[in-house]
Amino acid sequence: MASDAGSSQDLYAILGVHPNATQEEIKKCYQKKILQYHPDKIDPHSSADVKQHAMTIYSVIDKAWQVLSNPTTKKEYDSRVKEEKLNATLPVYDTVPLDDLDWDEESDCYCYPCRCGGEYAITEADVDEQIELVCCDTCTLGLRVIYSEESLTRKSEVDTGS
Ligand SMILES: [Zn+2]
């Protein structure tokens, strides 16, 4: 029975809506779907297998709705999916600690050279949000940045050091 609520199933596909659908549209699709599989709607003469199957789908739909109907959990879900997609599609060129990036005063960015001759740039805002994956400004490779306590301390020294 245990199914992991943390795994990123495509909740939009489960409800049959577009990821950009409005709350209203999501709700409509949910209501339509959940009716199809509502325990009351299942033919009582159906086999146990059919009933069990309907129950499973019912709970999956219900769970999807619980996440997507709440703006906070929906946002969390959206950003998690976005990150997973990025991880899945973006070939990672290298994984480096923030300390290995050079601070570039001119552009106010931490920079790291890409093998294509392009550059990875991380702004202070990115550091504040601890953005882990940055795209090269020239090619399609990504750079994974590791934030350590140390690098964050050093950053604040840079901030106040002048
Ligand atoms: Zn590149």
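Residues numbered from 1 in each chain as written. Predicted model: local features only at pLDDT ≥ 70, side-chain atom pairs only at ≥ 80, totals over all residues.

Trainee: How would you sum up the nonpolar core? Please name residues and give values.
Mentor: Of all hydrophobic cores here, the largest spans 11 residues; its members are L11, I14, L15, V17, I26, C29, Y30, I61, A64, W65 and L68. Of all the secondary structure elements, the ones that give two or more residues to this core are α1 (11-15), α2 (23-37) and α3 (48-68). Examining the composition of this core, we find that four residues originate from one element, α3, more than from any other. Those residues within four positions of C29 in sequence are excluded, and the remaining contacts are L15, G16 and V17. Core analysis: the next-biggest nonpolar cluster, separate from the first, contains 10 residues, L98, L101, C109 and L143 among them. (Core = buried A, V, L, I, M, F, W, Y, C linked by C-beta atoms within 7 Å. Buried ≥ 20, exposed ≤ 12 C-beta atoms within 10 Å, placed from the backbone. Helix = DSSP H or I, 4+ residues; strand = E, 2+ residues; numbered from the N terminus. Contact = placed C-beta atoms within 7 Å.)

Trainee: Residue-level account of the sheet that holds strand β5 (residues 133-135), with values.
Mentor: Strand order in the open sheet formed by three strands is β1-β6-β5, and the pairing between neighbours is mixed. On the outer flanks of this sheet lie β1 (92-97) and β5, each paired with one strand and no other. For this sheet, the mean angle separating the axes of adjacent strands, direction not counted, is 25 degrees. As paired strands, β5 and strand β6 (residues 142-146) are joined by three bridges and run antiparallel to one another. Residue V134 lies in a different strand from β6, and its bridge partner there is L143. (Pairing = 2+ DSSP bridges. Axes fitted to C-alpha atoms, helices over the stretch in contact; angles between N-to-C directions.)

Trainee: Describe helix α4 (residues 71-89), with residues and values.
Mentor: Helical geometry note: an α-helix holds 3.6 residues per turn, so side chains three or four residues apart project in the same direction. The end-to-end C-alpha distance of α4 is 27 Å, a good match for the 27 Å that 19 residues give at a rise of 1.5 Å each. In terms of residue burial, α4 counts as a barely covered element, since only zero of its 19 residues are buried. (Expected span 1.5 Å × (residues − 1).)

Trainee: Quick one: what's the story with the sheet that holds strand β4 (residues 119-123), residue by residue and with numbers?
Mentor: Strands sit in the order β2-β3-β4 across an open sheet of three strands; the sheet is antiparallel. At either margin of the open sheet sits one strand with a lone partner, and together these are β2 (102-104) and β4. If you compare each strand with its neighbour and ignore which way they point, the axes differ by 35 degrees on average. Inspection of the sheet shows β2 paired to strand β3 (residues 109-113) by three bridges, in the antiparallel sense. Bridging from a neighbouring strand, D104 pairs with C109 of β3.

Trainee: Got a sec to walk through the confidence of the model for the chain? Specific residues and values, please.
Mentor: Residues of the chain with pLDDT of at least 70 account for 87%, and the chain-wide mean is 86. Across the chain, the secondary-structure element scoring lowest on mean pLDDT is helix α6 (residues 149-160), at 62, and the one scoring highest is β3, at 95. Note that residues 1-7 has pLDDT below 50 and, in this model, one contact with residues that lie over four places away or in other chains. (pLDDT = per-residue confidence, 0-100.)

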